[in-house]
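# Summary of structural features
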Amino acid sequence: MYAGVIALLVAIGSSAALVWQRLTGHSLPGCGAGSPCSRLGESAYSRIPLPEALGGEFPTSMLGLAFFVALLLGCLRGGGGRAFTWLVRIGAMASVVFIIGAVREQLFCQYCLAAHAGNLVFWGLVEVHGRKPRAGGTPLIATVSAFLAGCVLLGVLDAQARQQAVAGQESQLEESIATIVQPAPKTASQPVVSAEAGTPSAPLPPPITGRWRMGPEVAPIRIVMFIGYQCQDCRLLDAQAIRLAESRDDVSLSIRHFPMHPDCNEAIARAMHGNACWAARAAETAGWIGGADGFFRMHKALFARRGRFESTDDLRAAVRAAQLDEQAFMQTFQDRALREEFDALIRDDAAEAVALGLHFTPMIFLNGVELKGWAAPQALNRAVAALAATSPPAAGPENDRPPRALGRYIADWADSARVEVGPDDHAPRLGPDDAPIRITIWGDYRDATTVEADRIVRAAVQQRGDVRYTWRHFPLDQTCNPQAPVQRHESCGLHTQLALLAAGDPDAFWTEHALTLAGQRTAEDLRAINQAAGRDGDAGEVLSPDASAWTALQATAKAANRLHRKGLPTIVLNGRIVPRWKIGGEPVLGEIIAAAGDE
């Protein structure tokens, strides 16, 4: 049954790739940030719920890998017979359910589909060419034993990987708690006047609170959460927050929205959570007709169903679960004018979140201080306990004024771990050799965000005089760059010709570099420039005097992948990655560079 073995090997290889991605944190080609593969990995289809004592979940990719390997071993041991066939059928049914769910959610991961397709082909071959097991063969026992052993082994590896991730979260949580429990600085409602300068200082950021609150308005501990109802992490953190607000009289909890859908959140380019806007509108509708009590009833009902709706009947079921007046709710929910009002409130919440530097949900504040490391076990409960131990005075939100996004982005860069960029003799450099500010960008010549970042950095080199800029190639073209997470551009020709130019004429490189980023050069133009100077090459072969240019281009792409960055451009400033440099679509990279100059 050689065809069946080949089908299983396809399934095993695809599943193993997904397991490798989970264990290492590296991104597979086509599985970059925001890709269907990435979004499927964040969905409920990517994990099997388990009791907390067993880790809380088991990755579907690991379950599939253990199952496919077990089937292969069973097959090689003489797979056949009724019991083995039914085991194969059960696996096939699971694959069909997974594929239907992925298609329904429009989440197409090529690795997942390949794994399940291999499984279904194997099932078909078993049905058509089923045979009795060989004498002495024990395929069912071998298959089940291998499956259980594989699950245990992969579970141990997953637990170790998660422990490493938790260790990082624990470090962030400890630092965050230390900041939260510090006495809050006294603030005033008006800008402070400097006695030395005689001019007002920068205006204070606005206080943070929410429309819907559980608990007293004036409380020693004030929790504000930005959430989306289809966000798994939000659901887990919300469970802690609700228990705290319901069990303690010194805690208030406010909820604000950040749905991952462009219909009601302008900060989201494409829909990541299909029913996100419906769910947020449902919560606002419940608040409209039932006040804070109505809001939190629907809030709980929405998280109980993970914010998902397939039809209006599903929405009505959620309304009944929240014990709200169904007729009044549906009338309000379907009112066009009120819907526009609710959407405006939701968009305002999302805009405020962006202004605070939110880039994923949940985002949590305790007494105006962001809680980082919230993925650590019982993080919110522990932070509240530590804060309560300091006996903070009861207060309203007037002094809860977290820094805005720019300050947060600068802090995120300053606090990030240092990375090893690695040497690259072919990397073009611009600016003084002894400049204290050193910037490296990995980018693609046809990537609009790379173009924007490069423009800002080259302007800083010219205007400041203390910046050294290094450009490194990372074409989002898997033809020449297997490290690329997605196939987005046909840019190998551009990168090859500019790599040749940099190796042969570094001074001319930056002129052509700027023209190429501006869209004024094609690969043919650059090839002609290189040929005129006695250099030649294409995406598959380099015929220049310095034949290592092409090898260096691929080496620098591998260096970017080692930094675990999943999008472009990758920017390293003074040895630390710049995680984010746009607020609401507006670049603040120049301000972060200026902050680096003040270090």
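Residues numbered from 1 in each chain as written. Predicted model: local features only at pLDDT ≥ 70, side-chain atom pairs only at ≥ 80, totals over all residues. Heavy atoms only, no water.

## Points about the overall build of the protein
Scanning the protein from N- to C-terminus turns up 19 helices and 14 strands. The buried share of the protein, taken over its 599 residues, is 47%. Restricting to contacts in the protein with at least 6 residues of sequence separation, those with at least 24 account for 75%. Total accessible area on the protein is roughly 27800 Å²; 56% of this is exposed by carbon and sulfur atoms. (Helix = DSSP H or I, 4+ residues; strand = E, 2+ residues; numbered from the N terminus. Buried < 20%, exposed > 50% of the residue type's maximum accessible area, 1.4 Å probe, protein only. Contact = heavy atoms within 4.5 Å. Areas by Shrake-Rupley, 256 points an atom, 1.4 Å probe, with all protein chains shown as cover.)

## Overview of the side chain of asparagine 265
Its location among the elements puts asparagine 265 in the loop between β5 (251-257) and α8 (276-304). Look past the residues within four positions of asparagine 265 in its chain and what remains in contact with it is Phe258, Pro259, Arg347 and Ala350.

## Quick notes on the state of the cysteines
Each disulfide is one covalent bond, formed between the sulfur atoms of two cysteines. Across all of its chains, the model carries one disulfide by this definition. A sulfur-sulfur separation of 2.1 Å characterises the disulfide bridge that pairs cysteine 264 with cysteine 277. Across the S-S bond linking cysteine 264 and cysteine 277, the dihedral sits near -95°, which makes this disulfide left-handed. In this pair, cysteine 264 is assigned in the loop between β5 and α8 and cysteine 277 in helix α8, connecting sequence segments 13 residues apart. (Disulfide = S-S within 2.5 Å.)

## Here we look at the pattern of salt bridges
This model, assessed by the stated rule, comprises 24 salt bridges. As a salt-bridge pair, arginine 211 and glutamate 284 come within 2.8 Å of each other at their nearest N and O atoms. You can see arginine 211 sitting in the loop between α6 (139-180) and β3 (212-214) and its partner glutamate 284 sitting in helix α8, a full 73 residues away along the chain. A relative accessible area of 1% places glutamate 284 in the buried class. Its salt-bridge partner being aspartate 466, residue arginine 464 comes within 2.9 Å of it at the nearest N-O pair. Among the ionic contacts, a cluster of salt bridges with common partners joins Glu370, Lys372, Arg408, Asp412 and Arg580. (Salt bridge = Lys/Arg side-chain N within 4 Å of Asp/Glu carboxyl O.)

## Some thoughts on the nonpolar core
Membership of the largest hydrophobic core comes to 49 residues, with the highest contact counts inside it found for Ile223, Leu253, Met298, Phe329 and Leu380. Top element by residues in this core is α8. It accounts for 10 residues. Apart from residues no more than four positions distant in its own chain, isoleucine 223 is found in contact with Leu244, Val251, Ser252, Leu253, Ser254, Ile364, Phe365, Leu366, Leu380 and Val384. The next biggest cluster of nonpolar side chains, apart from the first, holds 33 residues, and it includes Ala460, Val467, Trp471 and Val588. (Core = buried A, V, L, I, M, F, W, Y, C linked by side-chain atoms within 4.5 Å.)

## Side note on the confidence of the model for the protein
Close inspection of predicted coordinates is inappropriate for parts of the model with low pLDDT. Taken over all residues, the pLDDT of the protein has a mean of 84, while the share at 70 or more is 85%. Predicted confidence for residues 133-137 stays below pLDDT 50, and this span has eight contacts to residues more than four positions away or in other chains. Low pLDDT, under 50, characterises residues 539-546; the predicted model gives this stretch 17 contacts beyond four residues in sequence or across chains. (pLDDT = per-residue confidence, 0-100.)

## Topic: the sheet that holds strand β7 (residues 369-370)
Across the sheet, which stays open at both edges, the five strands sit in the order β3-β5-β4-β6-β7 with mixed pairing between neighbours. The open sheet has two free edges, formed respectively by β3 and β7, since each of these has just one partner strand. Note: strand β4 (residues 221-227) against β5, seven bridges, orientation parallel. By the bridge assignment for β5, isoleucine 223 is matched with leucine 253. Lying on the sheet, helix α11 (residues 336-355) is in contact with β4, β5 and β6 (363-366); it crosses β5 at an angle near 105°. (Pairing = 2+ DSSP bridges. Axes fitted to C-alpha atoms, helices over the stretch in contact; angles between N-to-C directions.)

## Concerning the side chain of threonine 516
By the element assignment, threonine 516 lies in helix α16 (residues 506-517). For threonine 516, the side chain forms a polar contact with the main-chain oxygen of glutamate 512, separated by 2.6 Å. Once you skip the residues sitting within four places of it in the chain, threonine 516 turns out to touch Tyr445, Leu494, Leu498, Arg521 and Leu526. (Polar contact = N/O pair within 3.5 Å; in protein donor to acceptor, adjacent residues only side chain to side chain.)

## A word on the environment of threonine 361
Mapped onto the elements, threonine 361 comes out in the loop between α11 and β6. Looking at threonine 361, the relative accessible area reads 7%, which means it is buried. When the C-alpha atoms of threonine 361 and cysteine 234 are compared, they prove to be 6.6 Å apart, with 127 residues separating the residues in sequence. In this structure threonine 361 touches Phe226, Ile227, Gly228, Cys231, Asp233, Cys234, Phe258, Met260 and Trp374, once residues within four positions along its chain are discounted.

## Some words on the pairing of strand β10 (residues 467-473)
With seven of its seven residues buried, β10 lies for the most part within the structure. Here β10 shows a buried face lined by Val467, Tyr469, Trp471 and His473 and a second buried face lined by Arg468, Thr470 and Arg472. In this sheet, β10 lies alongside strand β8 (residues 429-430) in antiparallel orientation, the contact comprising two bridges. Across the sheet, the residue bridging to arginine 429 is threonine 470, located in β10. Here strand β9 (residues 437-443) runs beside β10; their pairing, made up of seven bridges, is parallel. Note that in β10 the partner of isoleucine 441 across the bridge is tryptophan 471. As a crossover connection, the stretch from β9 through helix α14 (residues 448-464) into β10 is right-handed. (Right-handed = clockwise from strand over helix to strand, strands pointing away.)

## Side note on helix α9 (residues 312-321)
Along α9, the residues that are buried comprise Leu315, Ala318 and Val319. Within α9, the buried residues cover an arc of 100° as seen down the axis, which keeps them to one side. Residues Asp313 and Ala321 are exposed on α9 and point more than 90 degrees away from its buried face. In this fold, the buried residues of α9 make contact with α8 and α10 (326-333). Positive backbone phi, approximately 55°, marks glutamine 323, located one or two places after α9. (Arc of directions from axis to C-beta.)

## Brief notes about the pairing of β6
Across the two faces of β6 the burial is the same, with Met363 and Phe365 and Ile364 and Leu366 all buried. Judged from the four bridges that link them, β4 and β6 form a sheet pairing that is antiparallel. Across the sheet, the residue bridging to methionine 225 is isoleucine 364, located in β6. Summarising the sheet, β6 and β7 pair through two bridges and their orientation is antiparallel. What sits directly across from leucine 366, in β7, is valine 369. Between the antiparallel neighbours β6 and β7 lie two residues, among them asparagine 367 with a positive phi of about 50°.

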